[in-house]
Amino acid sequence: MTLSIRDAVPDDAATIVRFITELAIYERAEHEMKADESMIRSTLFGDRPHAHALIALQDDQPIGIAVYFFNYSTWLGHRGLYVEDVFVTSSARGQGAGLALMKALARIAVNNHCPRFDWQVLDWNQPAIDFYDAIGAEPRREWLSYRLEGEALRQFAGSGATHHD
């Protein structure tokens, strides 16, 4: 079996949606999955992409994805790499695809002069936590994640909110 990692292309939009949906089901949040193929095509491959994706292949068949974007650290004065999702389909786990995706992401971070590479993991996802510990990543327990979304976001923004690109 041959394992490879490549940059995603527009024709991968349906595959990306399929894996994001599988991830949402795994994370017990399928009801939160709203992205469709046209949204992925637009946001990852449009004129101004918001993020980027990698595809893991085994014998030329997609078995996983990583979606990432560049953020910015004011403290470091540099951009960093933030991984939104890393997912390998259940039938292909344990064969090195997750490790290959994380190594590819690390290379992207290093090649883009990013001094750090961040992601989040659900506190109950022990297989992922064990994997991240094994590769030398350290949890950042002193930081809490916060989110404003939906109606709470709209109410907080108020009627004077405007959109800027």
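Residues numbered from 1 in each chain as written. Predicted model: local features only at pLDDT ≥ 70, side-chain atom pairs only at ≥ 80, totals over all residues. Heavy atoms only, no water.

This paragraph deals with the overall build of the protein chain. Assigned secondary structure in the protein chain consists of five helices and five strands. With respect to the three principal axes, the spread of C-alpha positions in the protein chain is 55 × 35 × 30 Å. Out of the 165 residues belonging to the protein chain, those deemed buried represent 31%. Accessible surface, the protein chain: about 11,300 Å² in total, of which carbon and sulfur atoms supply 52%. Side-chain charges of the protein chain comprise 15 positive and 23 negative groups, with the mean position of each set lying 3 Å from the other. (Helix = DSSP H or I, 4+ residues; strand = E, 2+ residues; numbered from the N terminus. Buried < 20%, exposed > 50% of the residue type's maximum accessible area, 1.4 Å probe, protein only. Areas by Shrake-Rupley, 256 points an atom, 1.4 Å probe, with all protein chains shown as cover. Lys, Arg positive; Asp, Glu negative; His and termini not counted. Charge placed at Lys NZ, Arg CZ, Asp CG, Glu CD.)

Look at aspartate 59: it is not a glycine, yet its phi comes out positive at around 50°. With respect to the element layout, aspartate 59 can be found in the loop between β2 (52-58) and β3 (61-73). Of note in this structure, histidine 113 is not a glycine but carries a positive phi near 60°. Mapping histidine 113 onto the fold places it in the loop between α3 (97-111) and β5 (117-118).

To describe two helices that pack against each other, one gives the angle between their axes and the distance between the axes. Running from N to C, helix α1 (residues 13-26) and helix α2 (residues 37-45) cross one another at 110°; their axes reach a closest spacing of 9 Å. Between α1 and α2, the crossing angle belongs to the class labelled roughly perpendicular. When α1 is examined against α2, the residues Ala13, Ala14, Ile16, Val17 and Ile20 are found in contact with a partner set consisting of Glu37, Ile40, Arg41, Leu44 and Phe45. When grouped by side-chain class, the residues that make up the contact of α1 with α2 number eight nonpolar, no polar and two charged. (Axes fitted to C-alpha atoms, helices over the stretch in contact; angles between N-to-C directions. Parallel < 35°, antiparallel > 145°, perpendicular 65-115°, else oblique. Contact = heavy atoms within 4.5 Å. Nonpolar A, V, L, I, M, F, W, Y, C, P; charged D, E, K, R; others polar.)

Core analysis: the largest hydrophobic core is formed by 19 residues, its most contacted members being Leu54, Tyr68, Leu81, Leu101 and Leu105. Elements represented by at least two residues in this core include exactly β2, β3, β4 (78-88), α3 and α4 (126-134). Grouped together as the second largest cluster of nonpolar side chains are 18 residues, Ile20, Leu23, Val67 and Phe87 included. (Core = buried A, V, L, I, M, F, W, Y, C linked by side-chain atoms within 4.5 Å.)

Take α4 next. Looking at α4, one finds that the buried residues are Ala128, Ile129 and Tyr132. Down the axis of α4, the buried side of the element spans an arc of 100°, and every buried residue falls inside it. Residues of α4 that are exposed and point more than 90 degrees away from the buried face comprise Pro127 and Ala134. Contact partners of the buried residues in α4: α3. (Arc of directions from axis to C-beta.)

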